[in-house]
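Observations on chain architecture
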Amino acid sequence: MSTINQNELKNDLYEAVNGEWLKTAKIPDDKPATGGFNDLVDDIDKKLMGDLDELVKVPSDDSRLNEATKLYQLAKDFDRRDREGITPLQDRLAKLKALNSYDDYQKDWATLILEGSASPVSFDIDADMKNATVYALFAAAPGLILPEKTYYDKDNPQGPHLLKMWSIMTKKLLQKVGYDETEADDLIDDTIQFDSLLVPHVKSAEESADYSKMYNPQSFTEFTSHTAVLDLGKVIQQLIGSEPDKIIVTEPKYFDALDGILKDHFEIFKSWLLVNEVLGQAGLLTDELRTISGEYSRALSGSKKPVNHRKFAFYLTRGIFSQVIGDYYGRKYFGETAKADVTHMVKQMVEVYKNRLHNNEWLGDATKQKAITKLNHLGIQVGYPDSIPDIYNHLKVDLDKSLLENVNDLGVTANKELFSRWNKPVDRMRWEMSAATVNAYYHPFKNIIVFPAAILQAPFYGLEQTSSENYGGIGAVIAHEISHAFDNNGALFDEYGNLHNWWTKEDNDHFQQLAQKMINEFNDLPFAGQKVNGKLTVSENIADGGGLSCALAAAQEERDYSGREFFVNWARIWRMKATTQYMQLLLSIDVHAPNKLRANVQAQNQDEFFKTFDIHEGDGMWKSPDERVNIW
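Presented here is a report on the structure given in the accompanying data block. Along each chain, the written sequence defines residue order, and numbers are assigned to residues from 1. At least 70 in pLDDT is required for a residue's local features to be given in this predicted model, at least 80 for side-chain atom pairs to be given and counted, and no such filter applies to totals for whole chains, interfaces and linings, which use all residues. Excluding hydrogens and water, the side-chain figures rest on all heavy atoms present in the structure.

Structural notes on the overall build of the chain
For the chain, the helix and strand inventory stands at 28 helices and 11 strands. Its C-alpha atoms put the chain at 70 × 55 × 50 Å along the principal axes. Scored against the burial criterion, the 632 residues of the chain give a buried share of 58%. Long-range pairs, those at least 24 residues apart, make up 75% of the contacts in the chain between residues at least 6 apart in sequence. Computed with the Shrake-Rupley method and a 1.4 Å probe, the accessible areas treat only the protein chains shown as cover for residues. With the model as given, the accessible surface of the chain reaches about 26,500 Å², and the carbon-plus-sulfur share is 48%. His is not counted, nor are the chain ends, whereas Lys and Arg count as positive and Asp and Glu as negative. Positions of charges follow a simple convention, taking NZ of Lys, CZ of Arg, CG of Asp or CD of Glu. Charge-centre separation for the chain: the mean point of 69 positive side chains lies 3 Å from the mean point of 95 negative side chains. Helix numbering and strand numbering both begin at the N terminus, where a helix is a DSSP run of H or I of at least 4 residues and a strand a DSSP run of E of at least 2. Type-normalised accessible area, obtained with a 1.4 Å probe on protein chains alone, sets the label of each residue: buried when under 20%, exposed when over 50%, and partly exposed for intermediate values. For this analysis, residues touch if any pair of their heavy atoms sits within 4.5 Å.

Structure representation (structure tokens):
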């Protein structure tokens, strides 16, 4: 830390801490970014790939891990995949090519959903937002070709360019799987035409970020009346085995338009199905098709090359056997002792948060007590889960079948289990992220915070780091997730995860005013040639602010407190070097602000920051007290 220049800290915290690293850091050819989070991911990937290579030779005592190893082994066998060519895809394409009407599609619709094919309705199972102890059926719109709705705006120059790149890639793939040039062009034109029917009726990223607009329950009769072209009721009954009292619709405008989208458009709908099938499956075929199928996503992110064979096999395996791989990683590289230590740290941070709520000056007593009640009910998951869901006992790999067949069989098994949860009690402590993931999350429907083992290491956390460094790292991350319980979305849910207003009107009005200040603070900040959307990023910015403030209060209670160490490590954990394309993509779709702004702007909201580095008016990091935004 002694090498960090004091004057540089006064002018740009992020650059002062990370400037030298940024000059020399190299973005891997197969990735769009490198940095604090990414470096940890790379290290974990290497460990686990090495372990899986050994497990291929010497199987584990855990049968679930052995099935994961078999998939890894199969996915790595590119010689076999090149020999099999496009044959594994033919049966799936033949089923779609044989469709001549919506009646034909209806007969196969439920099966196609279970097999992961594109669908005009995206069904899901999650906790009922107003009865969070029971799993409910959700319905949403399908995805678009471009990353987000605003890319289709006439004044967005990226849209036409990206659509052209998508078309070039898709044409190559279609010709490789047997279509001639004219057929490929027609399929692409039809798909773009069908996609254009969806665009006006789906939500933008900013609209999707508002959880209060997600809950639009409809009766079975109301929902199934949205279109006469397809029998929505029949497919629901085939998927969940019953007629539900309600379906939670997340995008009501889309379903109001569904009949018009489908009616008289079967031919372009069929093309949309076929094109999405090829795009979704190509990566599981030959290496040439895998490489071509990633061209569009690499153009979006700025990555130069596809991942190598070994990484591809690992990422595919980790995705399907996520909890198995995570449990293995957590137990081998994290362990029970560290799990207990960090759990204790999380509980300490919850107590710090409670004290801050007690001392809060703008909340009324009634709202304050409900907030503390919510913290008292907060579920805490650290390291890795105590048990792995039963579904992983049923995921079996058949080495006599192709990779594509195996992946789709595994997907059907997983989807059947997902839909079987409908109307059953919610397993509140079921993990939704692998323990080998460098991340953390808060689930508002369950009121739980989760800290996977993978993030619980330096620079976020380490026994060799000072307490101030740890609080500036993992302490701020822990408090960030706690703060999500009280951000503009989390604050809508009670201690049980139900969408329920527990605020007095006066307190809620004041909170909304503070949230608007956070929106204004970030809105239109220039970055990567574009501007930040303050409304899209408000929930994460509120959580960042609350997390940093709470972690700072905890750090100051320690005997060895150092404000310099605290803020320097806070800036260090956000270091990232990324392609311009990737940064611009994130600005459009990501609910997080750019890393540099997360580091700098939130530090500027803390009075202690200015005292620590003796920052005054005229310094680059100066922000007048009346412009500093503090909510929690």
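Thoughts on the nonpolar core
For our purposes a nonpolar core is just a set of buried Ala, Val, Leu, Ile, Met, Phe, Trp, Tyr and Cys residues, chained together by side-chain atoms within 4.5 Å. Phe-123, Phe-321 and Trp-632 are the most contacted members of the largest nonpolar core, which has 211 residues in total. The contacts of Phe-321, once residues within four sequence positions are left out, are Arg-64, Glu-67, Ala-68, Leu-71, Tyr-392, Leu-395, Val-397 and Leu-410.

A few points about helix H21 (residues 403–420)
To estimate the expected span of a helix, subtract one from its residue number and multiply by 1.5 Å. In a regular helix each residue adds 1.5 Å, so 18 residues correspond to 26 Å; H21 covers 26 Å between its end C-alpha atoms and thus fits that length. Within H21, the full set of buried residues consists of Leu-403, Leu-404, Asn-406, Val-407, Asn-408, Leu-410, Val-412, Glu-417, Leu-418 and Phe-419.

Regarding helix H19 (residues 335–358)
Along an α-helix, residues three or four positions apart point the same way, because every turn accommodates 3.6 residues. For H19, built from 24 residues, the straight-helix expectation of 34 Å at 1.5 Å per residue is met to within 8% by its first-to-last C-alpha distance of 35 Å. Every buried residue of H19 is listed here: Gly-335, Lys-339, Val-342, Thr-343, Met-345, Val-346, Met-349, Val-350, Val-352, Tyr-353, Lys-354 and Leu-357. In this structure, the buried residues of H19 make contact with helix H18 (322–333), helix H20 (365–376), strand S6 (379–383), strand S8 (448–452), helix H22 (467–483) and helix H24 (538–555).

Side note on the sheet that holds strand S7 (residues 441–443)
With mixed pairing, the three strands of this open sheet are ordered in space as S6-S8-S7. The two strands at the open ends of the sheet, each matched to only one other strand, are S6 and S7. Geometrically, the sheet is characterised by an average inter-axis angle of 15° between neighbouring strands, direction not taken into account. Following DSSP output, two strands are said to pair if at least two bridges run between them. Alignment of S7 against S8, held across three bridges, turns out to be antiparallel. Bridge pairing in S8 links His-443 to Ile-448. Lying on the sheet, H19 is in contact with S6 and S8; it crosses S6 at an angle near 145°. Axis geometry follows a simple rule: fit a line to the C-alpha atoms, using only the stretch in contact for helices, then measure angles between N-to-C directions, giving values from 0 to 180 degrees.

Remarks on unusual backbone geometry
Put simply, Ala-458 and Pro-459 share a cis peptide bond, and its omega is 5°. The phi angle at Asp-264 is positive, at roughly 65°, despite the residue not being glycine. Overall, the relative accessible area of 72% leaves Asp-264 in the exposed class. Although it is not a glycine, Ala-528 sits at a positive phi angle of roughly 50°.

Section: the packing of aromatic side chains
Any two of the Phe, Tyr and Trp rings considered here, Trp counted by its six-membered ring, make a pair once their centres fall within 6.5 Å; the pair's planes then place it as stacked at under 30 degrees, edge-to-face at over 60, or tilted in between. Scanning the entire structure with this criterion turns up 34 aromatic pairs. Each ring, one from Tyr-105 and one from Trp-109, has its centre 5.7 Å from the other, and the planes form 35°; the classification is tilted. With Tyr-105 and Trp-109 both in helix H7 (residues 102–114), this residue pair falls four residues apart, about one helical turn. Accessibility assignment for this pair places Tyr-105 and Trp-109 in one class, buried. Judged by centre distance (6.4 Å) and plane angle (50°), the ring pair of Phe-266 and Phe-269 falls under tilted. Remark: Phe-269 and Phe-266 occur in helix H14 (residues 266–281); sequence separation between them is three residues, near one turn of the helix. Taken together, the ring pairs in this structure connect Tyr-102, Tyr-105, Trp-109, Phe-194, Phe-266, Phe-269 and Trp-272 into an aromatic cluster.

What about the sheet that holds strand S2 (residues 122–128)?
Taken in spatial order, the four strands make up an open sheet running S2-S3-S5-S4, and their pairing is mixed. At either margin of the open sheet sits one strand with a lone partner, and together these are S2 and strand S4 (216–219). Adjacent strand axes in the sheet meet at a mean angle of 40° when their direction is disregarded. Where S4 and strand S5 (residues 246–249) come together, four bridges link them in antiparallel fashion. Residue pairing across strands places Pro-217 opposite Ile-248, the latter belonging to S5.

With respect to the pattern of salt bridges
For this analysis, a salt bridge means a side-chain nitrogen from Lys or Arg found within 4 Å of a carboxyl oxygen belonging to Asp or Glu. Here the structure, examined in full by the defined rule, presents 38 salt bridges. Through salt bridges with shared partners, a single network forms among Asp-12, Glu-15 and Lys-596.

Quick word on the environment of Ser-303
Looking at the secondary structure, you find Ser-303 in the loop between helix H16 (295–301) and helix H17 (309–320). Overall, the relative accessible area of 11% leaves Ser-303 in the buried class. Along the primary structure Ser-303 and Ala-578 are separated by 275 residues, whereas in three dimensions their C-alpha atoms are 9.5 Å apart. Non-local contacts of Ser-303, meaning those with residues more than four positions away in its chain, are made with Asp-29, Asp-30, Lys-31, Pro-32 and Arg-298. A polar contact of 3.1 Å, which involves the side chain of Ser-303, links it to the side chain of Ser-301. Polar contact is the term for a pair of N or O atoms within 3.5 Å; when the atoms are in protein, one must be able to donate a hydrogen and the other to accept it, and sequence-neighboring residues count only if both atoms are side-chain atoms.

Limitation: the analysis is restricted to geometry and does not speak to function.
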